[in-house]
Amino acid sequence: MSSQDVLKNASTLASYNVLLQVMFRVLTFLLNAFTLRFVSKELIGVVNVRLTLLYSTLVFLSREAFRRACLSGGSGTGHNWRQVINLLWLTLPLGVVWASLLVCVWLWLLEVPDPQTIPHYGPAVGMFALAAVQELLAEPLWVLAQAHMFVRLKVVAESLAMIAKCLITVVLVVSAPEWGLYIFSAAQLVYTGFLVLCYAAYFLRFLGSEEAAKTSFPLQHVGELLICRADGKPLIDWTLARLTWSFFKQSFLKQILTEGERYVMTFLNVLSFGDQGVYDIVNNLGSMVARFIFLPIEESFYVFFAKVLERGRDVKSQKQEEVAIVAEVLESLLKLVLVIGLIITVFGYAYSHLALDIYGGSLLSSGAGPTLLRCYSSYVLLLAVNGVTECFVFAAMSQEEVDKYNLVMLALSVSFLFLSYMLTWWAGAVGFIMANCLNMGLRILHSLLYIHRYFQSSPWKPLRGLLPSPVLLLALALSAIVTALSEGVFCCDSGWLLRLAHIAVGAVCLLSVLVTVLLTETQLIRFVRTQLLPQYRKKHT
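Residues numbered from 1 in each chain as written. Predicted model: local features only at pLDDT ≥ 70, side-chain atom pairs only at ≥ 80, totals over all residues. Heavy atoms only, no water.

Caption draft 1: Looking closely at the overall build of the protein. For the protein, the count of helices and strands is 23 helices and zero strands. Here the protein has a C-alpha radius of gyration of 24 Å; the compact-globule value for 541 residues is 24 Å, and the two agree. The dimensions of the protein, computed from C-alpha atoms along their principal axes, are 75 × 60 × 45 Å. Each of the 541 residues in the protein was classed as buried or not, and the buried ones make up 57%. For the protein, contacts bridging at least 24 residues in sequence account for 83% of all contacts bridging at least 6. Across the protein, 39 positive and 34 negative side-chain charges occur, with their mean positions spaced 5 Å apart. (Helix = DSSP H or I, 4+ residues; strand = E, 2+ residues; numbered from the N terminus. Rg over C-alpha atoms; globule rule 2.2 N^0.38 Å. Buried < 20%, exposed > 50% of the residue type's maximum accessible area, 1.4 Å probe, protein only. Contact = heavy atoms within 4.5 Å. Lys, Arg positive; Asp, Glu negative; His and termini not counted. Charge placed at Lys NZ, Arg CZ, Asp CG, Glu CD.)

Written as structure tokens, this is what we have:
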């Protein structure tokens, strides 16, 4: 597969992933707004912070390193897929081990919620851990689908699973709210069960079919999805296993950085369960765009960079025409996420209070909620840039460089935990966002230095993507001033008519900024139209 084909498929994957994440975030957004009317904020805090942290920690530590290693370096052609499948099945026993350890920690080392206020905590911990292990059953199939760009499979599977989860939650919250944590635990089990069933059903139909034969799929029958020895080769690829071990050491640290504030809340008890619930709702609201736009782009273009670049080789040792494509894509991606991040930062400041008031009423819009969301709007800009820069860096690094970066991640993890505790003690929940900003800035600096050194001896300068046009910066600055004045005059305690006036002012300013982008960032617009919009591309090919 040529680099242009890989780029085309990665762009399609990113587009579908964005649509999928939009649906996920909208459904979760509506689900949280609905459940807030039926359950307490303390229950929301236990589910969305304590139990979700257990689930995300378990699946991340069990599979993330395997995913990164098995999708690196053109694994679809450079490795024997039977060996890759054998390696991926190790995620299941690893998940069982992590589940046993983490359940003991969650039950016996952490503060247990008051059973009168939040009953059924023990069974809920076991059910969330079981849901995580159940999801690992689909891991070999997920990697196969991702490596071979089965984009619609992921969309359908995760869409059905999310819809089923939402339906179970809504029905049980309305009909049996006294079940408490059982409701959300059952919904999580249904979600992971649907994922496994969808992937299993697809590959049972696909393997051995004419469609598989036409695409020269490396596996011919269902038995090859199980552990089996390749002819004359070891059971697993030990080079890939060593790379997995390197990523595993890094994944542990990355998880601390990604979920650091939840670990601090969970293990250090700096916030009550009710305050944790409010913070988590604001956090989810603030991170919607980051998750449904930036994360899919990062995941999809990591596949592109990993397949096109030869890991560990400098820019002169790569195929120059492919390096040119990589540099152009990296520059365009940096410009894209920077522009989106700047827009969110500017408009997030003036519309945070209104958004929270509409979403959760005075429960969210009073107190620290609006300040939290304003700070998070600025943090989104750093999230955007870091996602793309680390996406490239992780795809280009050699195994030795990955091991060295583990030390950097260790230092960042320790400093983040310390900063989170100190800043939270000083500034409350806002301290979490401040600590995240500081650590994200350091990660971006490290990645920018790596990218600069990587392309230093070449004619390409992809970091120019971080330089928006002066006209666009002026439009954003004017919009920030106008919307801030509008909030002071129209929002948010004088009725809906003035709120609508505030929204109208923001709409005019946003339209002006978008027109400025269309007129000044022509290279970016061309990239979006030709690479990130598959429907547009289909019309012109």
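Caption draft 2: Summary view of helix α4 (residues 81-88). Of all eight residues in α4, seven are buried; the element is thus mostly enclosed. Looking at α4, one finds that the buried residues are Trp81, Gln83, Val84, Ile85, Asn86, Leu87 and Leu88.

Caption draft 3: Spotlight on the side chain of Glu139. By the secondary structure assignment, Glu139 is in helix α7 (residues 139-147). Sequence-distant contacts of Glu139, that is, excluding residues within four places in its chain, are made with Arg63, Arg67 and Thr91.

Caption draft 4: Representation of the confidence of the model for the protein within the structure. The share of residues in the protein with pLDDT of 70 or more is 91%, and the mean pLDDT across the chain is 83. Across the protein, the element-wise mean pLDDT spans from 40 in helix α23 (residues 534-539) up to 96 in helix α6 (residues 121-136). In this model residues 534-541 is a low-confidence stretch, pLDDT under 50, and it forms twelve contacts with partners more than four residues away in sequence or in other chains. (pLDDT = per-residue confidence, 0-100.)

Caption draft 5: Quick look at the packing of aromatic side chains. In the structure shown here, the tally under the stated rule is 23 aromatic pairs. Note on Tyr376 and Tyr379: the rings are 5.3 Å apart at their centroids and 90° apart in plane angle, and the pair reads as edge-to-face. Of this pair, Tyr376 and Tyr379 both sit in helix α17 (residues 369-396), separated by three residues, roughly a single helical turn. Plain terms: the ring middles of Tyr450 and Tyr454 are 6.2 Å apart, the flat faces sit at 20° to each other, and that makes the pair stacked. Of this pair, Tyr450 and Tyr454 both sit in helix α19 (residues 430-455), four residues apart, which is roughly one turn of that helix. We note that Tyr450, like Tyr454, is buried. One cation-aromatic arrangement involves Arg374 over Tyr349; the distance from NZ or CZ to the ring centre is 5.3 Å. (Phe/Tyr/Trp six-rings, centres within 6.5 Å; stacked < 30°, edge-to-face > 60°. Lys NZ or Arg CZ within 6 Å of the ring centre and 35° of its normal.)

Caption draft 6: Seen up close, helix α18 (residues 399-427). Between its first and last C-alpha atoms α18 spans 40 Å; for 29 residues at 1.5 Å apiece the expected length is 42 Å, and the two agree. Val402, Tyr405, Asn406, Met409, Leu412, Ser413, Phe416, Ser420, Leu423 and Thr424 are the residues of α18 that are buried. Just beyond α18, the residue with positive phi is Gly428, at close to 75°. (Expected span 1.5 Å × (residues − 1).)

Caption draft 7: How the structure looks around the packing of helix α8 (residues 151-175) against helix α9 (residues 181-206). Put simply, α8 and α9 touch, their axes get as near as 8 Å, and they point 155° apart. With respect to their mutual orientation, α8 and α9 come out roughly antiparallel. Between α8 and α9 lies a crossing whose hand is right-handed. When the residues that make up the contact of α8 with α9 are grouped by side-chain class, the tally is 20 nonpolar, two polar and three charged. (Axes fitted to C-alpha atoms, helices over the stretch in contact; angles between N-to-C directions. Parallel < 35°, antiparallel > 145°, perpendicular 65-115°, else oblique. Left-handed = near helix turned anticlockwise from the far one by under 90°. Nonpolar A, V, L, I, M, F, W, Y, C, P; charged D, E, K, R; others polar.)

Caption draft 8: Inspection of the nonpolar core at higher detail. Tyr199, Phe203, Phe305, Phe392 and Phe455 are the most contacted members of the largest nonpolar core, which totals 167 residues. Of all the elements, helix α15 (residues 320-360) adds the most residues to this core, at 23 residues. Excluding its chain neighbours within four sequence positions, the residues that come into contact with Phe392 are Phe305, Leu309, Val326, Leu330, Tyr450, Ile451, Tyr454 and Phe455. (Core = buried A, V, L, I, M, F, W, Y, C linked by side-chain atoms within 4.5 Å.)

Caption draft 9: Region of interest: a nonpolar patch on the surface. A cluster of nonpolar side chains, contributed by Phe267, Leu268, Phe418, Tyr421, Met422, Trp425, Trp426 and Met434, occupies part of the molecular surface with about 920 Å² of accessible area. Mapped onto the nonpolar patch, the elements with two or more residues apiece are α12 (260-268) and α18. Considering every element that reaches the nonpolar patch, the biggest residue donor is α18, with five residues. With respect to the helices, strands and loops of the structure, Phe418 is situated in helix α18. (Patch = residues over 30% accessible without salt bridge, like charges linked within 9 Å, V, L, I, M, F, W, Y side chains within 5 Å. Areas by Shrake-Rupley, 256 points an atom, 1.4 Å probe, with all protein chains shown as cover. Salt bridge = Lys/Arg side-chain N within 4 Å of Asp/Glu carboxyl O.)

Caption draft 10: Fine view of unusual backbone geometry. Although it is not a glycine, His120 adopts a positive phi angle of roughly 70°. Within the fold, His120 resides in the loop between α5 (91-109) and α6. For His120, a relative accessible area of 30% gives the class partly exposed.

Caption draft 11: Spatial organisation of the side chain of Glu64. With respect to the helices and strands, the residue Glu64 is situated in helix α2 (residues 41-70). The contacts of Glu64, once residues within four sequence positions are left out, are Val59 and Ser251.

Caption draft 12: Quick look at the packing of α4 against α7. In contact at an axis separation of 9 Å, α4 and α7 are set at 135° when each is read in the N-to-C sense. Here α4 is positioned oblique relative to α7, judged by the angle of their axes. Residue-level inspection shows Trp81, Ile85 and Leu88 of α4 in contact with α7, the latter providing Pro140, Val143, Leu144 and Ala147. Residues that form the contact of α4 with α7 fall into these classes: seven nonpolar, no polar and no charged.

Caption draft 13: Representation of the environment of His502 in the model. Mapped onto the fold, His502 is located in helix α21 (residues 496-520). When the C-alpha positions of His502 and Leu467 are compared, they lie 30 Å apart, and in sequence the two are 35 residues distant.

Caption draft 14: Structural view of the environment of Ala164. Following the sequence through the fold, Ala164 ends up in helix α8. Taking the relative accessible area as the measure of exposure, Ala164 reaches 12% and is therefore buried. The spatial distance from the C-alpha of Ala164 to the C-alpha of Gly428 is 36 Å, given a sequence separation of 264 residues. Filtering out sequence-adjacent residues up to four positions away, Ala164 remains in contact with Val190 and Phe194.

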